[in-house]
Amino acid sequence: MTIDLARFHAAFFEESFEGLDAMESSLLALDPGTADKETINAIFRAAHSIKGGSATFGFSAVAAFTHILETLLDQMRSGVRPVAQPLVDQLLGSVDAVRELLEAARDGREANVALIAAHQNALAATLANTAAPAAAVMHVEAPASVSNSTGFKIEFTPVPSLFRSGNDPRHIFRELASLGTLNVEAHCEHAPKLGDKVPEDCHLNWVLTLTGNVDEARVREAFAWVEDECHLVITALEAAPASKPVLTLIEGGKSAARNEAIVPPSAMAHDRRAGDRRQGGPEGSSIRVSTEKIDQLINLVGELVITQAMLAQQAGVLDPIVCEKLLGGLSQLDRNTRQLQESVMSIRMLPMEFVFSRFPRMVHDLAGQLGKQVRLITLGESTELDKGLIEKIADPLTHLVRNSLDHGIETVEARIAAGKDPVGTVRLSAAHQGGSIVIEISDDGRGLNRERILAKARESGLNVSDTMSDSEVWQLIFANGFSTAEVVTDVSGRGVGMDVVKKNILSLGGQVDLQSVAGKGATVTIRLPLTLAILDGMSIRVGEEIFIVPLNCVVESLQPTADQVKPVAGAGRVVKVRSEYLPLVSLSNAFRIPAEHRDPTQGVLVLVEAEGKKIALQVDELVAQQQVVIKSLEANYKRVFGISGATILGDGRVALILDVGSLVRDLHQRAAA
């Protein structure tokens, strides 16, 4: 029976790209002065797995390139080749080449031939100039009587369980055939009778004859995947007299077999990890599931939560004595539904590390391109976000980090002249604050130049004035086509980017703020409300309308007395709560809907907090505390100020979810103006 390997391609590519990411991270962490041996081994193992998998699935170009890369890494881990920064940079470039080959194989297109050839030639040149330690190098001239081996006889007897580990002898035979002329003899004299045979077991053994000028180490390498699952005997064939003296290079007491000319690779045995998974090994506890199935499950759980809320509301009119068992069952359903939705929601959550991990390499390369020294600090990598949100925020973050390096961080000379650390710092952080996700990109560079931004804005025809506040001036850089760069480069200067960044963030229902101190640096803060989640909320009534306030924004609720409410000339009213004066916002006025009570003392005040600031919301009644499913209002209608989404209540009505952050920011911005 022929196995269709194409169905395993998706898993192979996903694992290979994960391996490349691990290689890149490890290379960036390598300190040439004190290179960690385990780190080098991890890089080698990742390259080796990619090589083996690509050969198994027939991606020969990937296997050929990673074979050269693996050879160089093997020299590094054996100590033959010292770890130096130029070598690390070269390996990073090789990772890019492997990534291009894998993407081309995955997408069914031609790879960038020029890029691959450049890196492959560079690796070959490096290997050709191998400089081994003097103590480990010995040149030996073979006398005329010494013979060269013309091949090997190989007795290969695998254990019966060979196939169960995912290995196939045919892949090994193809590998050997690429080294010379191969003759294969299969023997079955030790196989059990037909009725006693186990279909999953291997009942054959082979005698192979490989002729050609082949090194024994290359032969043994072909059996590396099955060395613990077979009995292997390799015997050199009768040798022919050598025609001339031979020069042999010995490295660390063994032949330099890994410096041989690279031959086109062929299929190798499957990655042993695949066998581990089939047998419930180290990775047997995880499976890969498409995001479409997860989204469908989340939507179904959301509908279940709504149905449970409807049942709970209907049960509120039942006699607790007569319907004791029914109410007990509904209470249990409520607990189980809550646990189920929490578990399901966590499936789509990924740590910010998935985004942050791309930046060390980018900062490394871009800093070198710009002639700057930059350190990258990341905080909150474990902060979990929805997978869809992470995918959409990756590009804006990339542009902001590039801007920090290009416009923010100064050159080494400029930083020294300013009395700063020659090495600039870019900091990335992520955290949950209230009901929002807050991501900050900050640097300790030169900061924004107010006068230069205003001058450029006037040149661009923007309506500006010298009386504008700093925050208003900083927002000008998000204008369409705005740029203060004097020279257009491949990094910046075309005026395309910051406006797109803001547009993308706003499309997620978020906000972007910018702060800067001249000579000290700048900080970009991105706030993203939840776009799809199940959250705990407090339902409030204003007139006949029901709103949901995220419970994590609620500080307290109270009914004020007349002496607590004070008018402020030209700025509405404030309420005094324990020696603190808070702005009072009537939701009836904010959303232009009729209210039952106009007098704050007749209604209820809900104190909410966002971004470190508090306000008091005037409502008619506190209804209940409940879990709600957030539905995107923008996707189904349009964006509405002060609203982050909508939900369906137990009685089937639609309730709007308040965006407390935008209400707080709007009030304080108007007060400042």
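So, a few notes on the structure that sits alongside this text. Source: prediction; values computed, not measured.

What about the sheet that holds strand E24 (residues 613–619)?
Inference 1: With mixed pairing, the 6 strands of this open sheet are ordered in space as E19-E23-E24-E22-E21-E20. At either margin of the open sheet sits one strand with a lone partner, and together these are strand E19 (554–558) and strand E20 (565–567). Here the average twist between neighbouring strands, direction ignored, is 35°.
Inference 2: In this structure, E20 lies alongside strand E21 (residues 573–577), joined through 3 bridges in antiparallel fashion. Along E21, the bridge assignment pairs Val565 with Val575.

Details of the sheet that holds strand E4 (residues 181–187)
Inference 1: Reading across the sheet, the 4 strands line up as E4-E5-E3-E6 and stay open at both edges, with antiparallel pairing between neighbours. Edge positions in the sheet fall to E4 and strand E6 (230–236), since each has one partner strand and no second. Each neighbouring strand pair of the sheet contributes to a mean axis angle of 15°, computed without reference to strand direction.
Inference 2: Strands strand E3 (151–158), E4 and strand E5 (205–211) of the sheet are contacted by helix H6 (residues 169–177), whose axis makes an angle of about 10° with E5.

Regarding unusual backbone geometry
Inference 1: Unusually for a residue other than glycine, Arg578 sits at a positive phi of about 50°.
Inference 2: Structurally, the position occupied by Arg578 is in the loop between E21 and strand E22 (580–586).
Inference 3: Using a relative accessible area of 62% as the deciding quantity, one classes Arg578 as exposed.
Inference 4: One non-glycine residue, Arg592, adopts positive backbone phi at about 55°.
Inference 5: Since its relative accessible area comes to 78%, Arg592 is described here as exposed.

Brief notes about the packing of helix H1 (residues 9–29) against helix H4 (residues 85–107)
A pair of packed helices is characterised by two quantities: the angle between their axes and the separation of those axes.
Inference 1: Orientation of H1 relative to H4, taken along the N-to-C sense of each, is 170°, at an axis distance of 10 Å. In terms of axis orientation, H1 runs roughly antiparallel to H4. Handedness of the H1/H4 crossing: left-handed. Between H1 and H4, the residues in contact are Phe12, Phe13, Ser16, Phe17, Leu20, Asp21, Met23, Glu24, Leu27 and Leu28 and Val88, Leu91, Leu92, Val95, Asp96, Val98, Arg99, Leu102, Glu103, Ala105 and Arg106, respectively.
Inference 2: By residue class, the composition of the contact of H1 with H4 is 14 nonpolar, 1 polar and 6 charged.

A short note on the pairing of E22
Walk down a regular strand and you will see the side chains alternate between the two sheet faces.
Inference 1: In terms of strand pairing, E21 meets E22 through 5 bridges, oriented antiparallel. Residue pairing for E22: Lys576 is matched across the bridge by Tyr581.
Inference 2: Where E21 folds back on E22, the antiparallel hairpin that results is connected by 2 residues, among which Arg578 adopts a positive phi of roughly 50°.
Inference 3: Where E22 lies against E24, 3 bridges are found, and the strand directions are parallel. Across the sheet, residue Ser586 finds its bridge partner in E24, namely Gln618.

Quick notes on a nonpolar patch on the surface
Inference 1: Taken together, Met310, Ile648 and Val654 make up a surface patch of nonpolar side chains, about 230 Å² in accessible area.
Inference 2: The residue Val654 is located in strand E27 (residues 654–658) in this model.
Inference 3: In this structure Val654 comes out as exposed when scored by relative accessible area, which is 57%.

A short note on empty space enclosed by the protein
Inference 1: For the structure shown, the criterion picks out 3 cavities of 30 Å³ or more.
Inference 2: Volume-wise, the second largest cavity comes out at about 40 Å³.
Inference 3: Taken together, Val305, Ile306, Ala309, Gln626, Gln627, Val628, Val629, Thr647 and Ile648 make up the lining of the second largest cavity.
Inference 4: Every element with two or more residues in the lining of the second largest cavity is listed here: helix H9 (291–315), strand E25 (621–629) and strand E26 (643–648).
Inference 5: A total of 4 residues in the lining of the second largest cavity trace back to one element, the largest contributor, which is E25.
Inference 6: In terms of residue class, the lining of the second largest cavity is built from 6 nonpolar, 3 polar and no charged.

Parameters and conventions
Along each chain, residue indices are assigned from 1 in the same order as the chain's sequence is written. Selection of residues for local features in this predicted model requires a pLDDT of at least 70, selection of side-chain atom pairs for listing and counting requires 80 or more, and totals for whole chains, interfaces and linings are taken over all residues. As a rule here, side-chain values cover all heavy atoms of the structure and leave hydrogens and water aside. A pair of strands is labelled paired if DSSP reports no fewer than 2 bridges between them. Runs of E in the DSSP output that reach at least two residues are strands. Runs of H or I that reach at least four are helices, and both are numbered from the N terminus. To obtain an axis, a line is fitted to C-alpha atoms, over the contacting stretch when the element is a helix, and the angle between two such axes runs from 0 to 180 degrees between their N-to-C directions. By the convention used here, residues are in contact when the closest approach between their heavy atoms is within 4.5 Å. Three labels apply to residues, based on accessible area from a 1.4 Å probe with only protein chains included: buried if under 20% of the type maximum, exposed if over 50%, partly exposed otherwise in between. Angles below 35 degrees are treated as roughly parallel, those above 145 as roughly antiparallel, those between 65 and 115 as roughly perpendicular, and all remaining angles as oblique. Note on convention: near helix rotated counterclockwise from far helix by under a right angle means a left-handed crossing. Clockwise means right-handed. When residues are grouped by polarity, Ala, Val, Leu, Ile, Met, Phe, Trp, Tyr, Cys and Pro land in nonpolar, Asp, Glu, Lys and Arg in charged, and all others, Gly among them, in polar. Patches here: salt-bridge-free residues with over 30% relative accessible area, like charges joined within 9 Å, nonpolar side chains (Val, Leu, Ile, Met, Phe, Trp, Tyr) joined within 5 Å. Only the protein chains shown count as cover for residues, with accessible areas throughout obtained via the Shrake-Rupley method and a probe of 1.4 Å. When a carboxyl oxygen of Asp or Glu is within 4 Å of a side-chain nitrogen of Lys or Arg, the pair counts as a salt bridge. Only protein atoms enter the 1 Å grid used here. Points where a 1.4 Å probe fits but cannot escape make up a cavity, open sets with protein on both sides within 12 Å along at least five of seven lines make up a pocket, and a residue lines them when an atom lies within 4 Å of a point. Grid points are joined across faces, edges and corners, and a volume is the space filled by probe spheres set on the points.

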